[in-house]
Amino acid sequence: MQIKTMATYAANGETPEILFWVGCAGSFDQRAQKITKAFATILDKTGVQFAILGKEESCTGDPARRAGNEFIFQMMAQNNIQLLNMYGVKKIVTACPHCFNILKNEYPALGGNYEVIHHTTFLQSLIDEGKIRMKEGGAFKGKKITYHDSCYLGRGNNIYEAPRKVLETLDAELVEMKRCRSKGLCCGAGGAQMFKEEEKGNTRINFERGREAVDTGASVIAANCPFCMTMLTDGVKETGKEDEVKVLDIAELIAMNME
Amino acid sequence: MRIVQELLFIIAFSVAVYLFSTKVRQIRRNILLGRDEDLNDHPDLRWKNVLLLAFGQKKMFRNPMVAVLHFFVYAGFIIINLEILEIILDGILGTHRVFVSVLGSLYPVLIGAFEVLAVLVILGCAIFLIRRNILKLRRFISKDLDGWPRSDANYILITEIVLMTLFLTMNTADQQMQLRGSAHYVTTGPFLITGSLAPLFSGLSDGTLVGLERGGWWLHILGVLAFLNYLPYSKHLHIILAFPNAYFASLEPMGEMENMPAVQREVQLMLQPELAASEPAPEGIPKFGAKDVSDLSWKNLLDAYSCTECGRCSAACPANLTGKTLSPRKIMMDTRDRLEEVGRNINANGTFTDDGKTLLRNYITEEELRACTTCNACVQECPVSISPLDIILQLRRHLVMEESSAPTEWTGMFSNIENNMAPWKFSMDDRDKWAEEMNQ
Ligand code: SF4
Ligand code: SF4
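Predicted model only: the values in this text are computed from it and were never measured.

(A) Representation of the UniProt feature "transmembrane region" (unreviewed entry) in chain B within the structure. Residues and elements named next belong to chain B. Taking the numbering used here, the UniProt-annotated feature "transmembrane region" (unreviewed entry) corresponds to residues 6–22, 67–89, 109–131, 152–170, 182–204 and 216–233. Between the C-alpha atoms that bound residues 67–89 the distance is 33 Å, and the span itself is 100% helix and 0% strand. Secondary structure content for residues 216–233 is 83% helix and 0% strand, and the end C-alpha separation is 26 Å.

This is the structure in structure tokens:
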């Protein structure tokens, strides 16, 4: 497989169909890199012409902005927008709900206007178009899967159904946690919490959520966010069920079961 | 005698209205201490929110049982105001049931419907009292409500029960007097509920009945006038402010955080200094984020006055659920308390005189602010379209940008972003390592 950058496309005087915005977690975090690779594989297999920014990509500024540091956010955002506009980017797909939210909702005020799609929605459209076909009796047939709504996709942007529709194609049994959809419980990572210790409390948010997910009896917890991935994995570990219960991104689940 | 009654009524009514409007003006002034924010776009969508969220109580129906009970109390409250209109007219004109002549046979039907509502209000309030004081739901026993807020909620419920009971007593006595053919008591036909209660009073003398009827009438209307003046000091103000608050509710996706044009401009000039010459310099030193109530926007302050202290936000807050000090309800209550304090300061001194206090620290601690995951659960749950998150984020901006106060891990994260373009200390060159691995 050959993953090309926007710069390569531009050098040939071409523009790809979409830009795959990888995000910092997807680029550097070892676990999240697997999600990135799974999604890139799906794009490649379905023949979607895509590019990444590669070394030119920078943090969107989300954690800085949410922590209160607007200066750093503006610096990142304005640089990114200059770059995106220079390449004439129209359509962006990303596997991170934080990148999705900020690119879609917050960059326009700074002059960055793009069609931004979260990878779960994009996967759903690929399935609807018949570009993704699943193996007969895939690895998850009949197994219990529970889906964790990330705050920035769910409540933040009202996307609850697309990820569930994608999961339905796995032929698995979808079980909901007690707190799901708009009542979903945060994994504990948002608002720059990922980058510091939690404040003093009775327990950690991800332990609470991990327990709730394990309580469904599902063998797979499906996530849509690299930060939720880290938090839930730790949460499951806390319950001692890490051998029976796997946390996987929706892109990974699809990549494993595609024909 | 009649003229004395009329006079007394007019005095009581005028005093109540005067006091109420004075307080309302103060609240309005307090709200307008907030920063300007233009929330008048898309009137169609905004009216839709008023219909759905305020009249329709859409968010309340996330919990259908409670929603139905609350709906009774709310509908009772709104509709019984029509009844109160009659009482006021009777009081001023010295008439008795002035609407009978206008409404004719519709009159008893209408009053009957009010009576049904009155009974439902009593029922609803009784159940709410039980939920608050006996069942002790987590969000009602929280320490956010210690002291006045807890009594406030109980006072309101008890007052409503008393007012409705007075209304029913007055009508029952009236019905009995009608049965006796008293000239003063206009024949209306039986009312749905008190029509059947009237026989209970058959043993009483005319004098006692008139006493009950007049007593019920006076206590009912005086109670309503007192309640009117209690409203602005209570969480019950939401019955009025829920409406404007729904109109001015944010229309943006919940995930979106407000831009800061002042910082945008500064960074722009830094990145493209050539623009500096053509740009006019901004007036004064801009403040970043909020430290006190006057730094928040007027919508945040309207939010504070609209909060019902129901605690649905805190019950859904992941930080609160896991025992952190953060409680979005407390954020709203603190904002209101501080704003009231600033208001009293202005009443006393003419303008705000520094009292050495601020919303940040004297009311809300850094620890509370730090614990928020910006998950929006509080915003989602709030039945009155309040955003505690918006206030939290503005206070965080103040902490970080004005005071450089951030946990060390965050300071590290900021410098990583600034230097390595990622929140972690990785080399920029490794950003596409995964792709190189795939390309091999
Ligand atoms: S946004 Fe913050 S305050 Fe609101 S529920 Fe989430 S963590 Fe709690
Ligand atoms: S902010 Fe909203 S949800 Fe929270 S206590 Fe106030 S009214 Fe209830």
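(B) Looking closely at the domain arrangement of chain B. Residues and elements named next belong to chain B. Each assigned domain of chain B is listed with its residue range as follows: domain 1 (2–31 + 63–247) and domain 2 (261–406). Of the residues lining the interface, 25 residues belong to domain 1; the matching set on domain 2 comes to 30 residues. Where domain 1 abuts domain 2, roughly 2200 Å² becomes buried across the two surfaces, and 48% of that area is made up of carbon and sulfur atoms. Per-residue buried area on domain 1 facing domain 2 is highest for Ile31, Arg139 and Asn245; these three make up 31% of the total on that side. A salt bridge links lysine 23 to glutamate 340; its shortest N-O distance comes to 3.3 Å.

(C) Just the side chain of Glu6(B), in detail. Along the chain, Glu6(B) falls in helix 1 (residues 2–31). Contacts of Glu6(B), omitting those with residues within four sequence positions, involve Gly91(B), Ile92(B), Leu93(B) and Gly94(B).

(D) Seen up close, the site of ligand 1. Residues and elements named next belong to chain B. In the vicinity of ligand 1, 13 residues are found, and the nearest of them are Cys317, Cys372, Cys375, Asn376 and Cys378. Listing elements by their share of the shell around ligand 1, those giving two or more residues are helix 18 (377–381) and helix 19 (388–403). For the shell around ligand 1, the per-class residue count stands at 10 nonpolar, three polar and no charged.

(E) Local environment of the sheet that holds strand 3 (residues 91–94) of chain A. All names here are of chain A. On the basis of which strands lie adjacent, the open sheet formed by four strands has the order 2-1-3-4 and parallel pairing. Looking at the sheet topology across the chains shown, the edges are occupied by strand 2 (50–51) and strand 4 (115–118). As judged from the two bridges shared by strand 1 (residues 18–21) and strand 2, these two strands associate in the parallel manner. What sits directly across from leucine 19, in strand 2, is alanine 51. In the packing of helix 6 (residues 97–106) onto the sheet, contacts are made with strand 1, strand 3 and strand 4, and the angle to strand 4 comes to roughly 160°.

(F) Seen up close, the UniProt feature "domain: Cysteine-rich" (unreviewed entry) in chain A. Those residues carrying the UniProt feature "domain: Cysteine-rich" (unreviewed entry) are residues 19–103 and 145–232 of chain A in this numbering. When the span residues 145–232 of chain A is considered, its composition is 30% helix and 11% strand, and the gap between its end C-alpha atoms is 14 Å.

(G) Local environment of the pattern of salt bridges. Inspection of every chain in the model, using the stated rule, returns 45 salt bridges over all chains. Of the charged contacts, one joins Asp62(A) and Arg66(A) as a salt bridge, the two residues approaching to 3.4 Å between their closest N and O atoms. In this pair, Asp62(A) and Arg66(A) are both assigned in helix 4 (residues 62–67), four residues apart and thus about one turn of the helix distant. By the burial criterion, Asp62(A) is buried, and Arg66(A) matches it. For Glu341(B), the salt bridge goes to Lys357(B), with nearest N and O atoms at 2.7 Å. With a gap of 16 residues between them, Glu341(B) in helix 15 (residues 328–349) and Lys357(B) in the loop between helix 15 and helix 16 (359–362) connect regions that are remote in the sequence. Among the residues examined, Glu341(B) registers a relative accessible area of 16% and is labelled buried. One network of salt bridges, with partners in common, ties together Asp62(A), Arg65(A), Arg66(A), Glu70(A), Glu106(A) and Arg397(B).

(H) Here's a closer look at the site of ligand 2. Residue and element names in this part refer to chain B. Around ligand 2, a shell composed of 13 residues is seen, among which Cys307, Cys310, Gly311, Cys313 and Cys382 lie nearest. Only helix 13 (312–316) and helix 15 provide two or more residues apiece to the shell around ligand 2. For the shell around ligand 2, the residue count by class is eight nonpolar, two polar and three charged.

(I) Focus on the packing of helix 1 of chain B against helix 9 (residues 206–230) of chain B. Residue and element names in this part refer to chain B. The geometry of helix 1 relative to helix 9 is characterised by a closest axis approach of 8 Å and an angle of 15° between their N-to-C directions. With respect to their mutual orientation, helix 1 and helix 9 come out roughly parallel. Relative to helix 9, the crossing made by helix 1 is left-handed. Judged by residue contacts, Gln5, Leu8, Phe9, Ala12, Phe13, Ala16, Leu19 and Phe20 of helix 1 engage Arg214, Trp217, Trp218, Ile221, Leu222, Leu225, Leu228 and Asn229 from helix 9.

(J) Up close: the nonpolar core. Ranked by size, the top nonpolar core spans 97 residues in total, and within it Phe20(A), Ile92(A), Phe122(A), Leu123(A), Ile132(A), Ile254(A) and Trp434(B) carry the most contacts. No other element matches helix 5 (residues 70–86) of chain A, which puts seven residues into this core. Two domains each put at least three residues into this core: domain 1 (6–124) and domain 2 (134–257) of chain A. Setting aside its immediate chain neighbours within four residues, Ile254(A) contacts Ile42(A), Leu123(A), Ile132(A), Met134(A), Val166(A), Thr169(A) and Leu170(A). By size, the runner-up hydrophobic cluster in this structure holds 51 residues, among which are Phe248(B), Val342(B), Ile364(B) and Leu399(B).

(K) Geometry of the environment of Val342(B). All names here are of chain B. Positionally, valine 342 belongs in helix 15. Counting along the chain gives 62 residues from valine 342 to serine 404, while the straight-line C-alpha distance between them is 26 Å. Non-local contacts of valine 342, meaning those with residues more than four positions away in its chain, are made with Leu33, Val293 and Phe352.

(L) The packing of aromatic side chains, seen in detail. Scanning the model with the defined rule gives 23 aromatic pairs over all chains in all. Between Trp148(B) and Tyr230(B) the ring centres are 6.0 Å apart and the planes differ by 70°, which places this aromatic pair in the edge-to-face class. Here Tyr230(B) lies in helix 9 and Trp148(B) lies in helix 7 (residues 148–179), a separation of 82 residues in the sequence. A residue is classified by how much of its surface remains accessible, and Trp148(B), at 42% relative accessible area, is partly exposed. Taken together, the ring pairs in this structure connect Phe20(A), Phe39(A), Phe50(A), Phe122(A) and Trp434(B) into an aromatic cluster. The ring of Trp217(B) has Arg214(B) lying over it, and the distance from NZ or CZ to the ring centre is 4.7 Å.

Cut-offs applied
Residues numbered from 1 in each chain as written. Chains lettered and ligands numbered in written order. Predicted model: local features only at pLDDT ≥ 70, side-chain atom pairs only at ≥ 80, totals over all residues. Heavy atoms only, no water. UniProt positions renumbered as here; feature names shortened; annotations may be inferred. Helix = DSSP H or I, 4+ residues; strand = E, 2+ residues; numbered from the N terminus. Domains from an automatic or database assignment. Contact = heavy atoms within 4.5 Å. Buried area = accessible area lost by both parts, 1.4 Å probe. Salt bridge = Lys/Arg side-chain N within 4 Å of Asp/Glu carboxyl O. Near = heavy atom within 4 Å. Nonpolar A, V, L, I, M, F, W, Y, C, P; charged D, E, K, R; others polar. Pairing = 2+ DSSP bridges. Axes fitted to C-alpha atoms, helices over the stretch in contact; angles between N-to-C directions. Buried < 20%, exposed > 50% of the residue type's maximum accessible area, 1.4 Å probe, protein only. Parallel < 35°, antiparallel > 145°, perpendicular 65-115°, else oblique. Left-handed = near helix turned anticlockwise from the far one by under 90°. Core = buried A, V, L, I, M, F, W, Y, C linked by side-chain atoms within 4.5 Å. Phe/Tyr/Trp six-rings, centres within 6.5 Å; stacked < 30°, edge-to-face > 60°. Lys NZ or Arg CZ within 6 Å of the ring centre and 35° of its normal.

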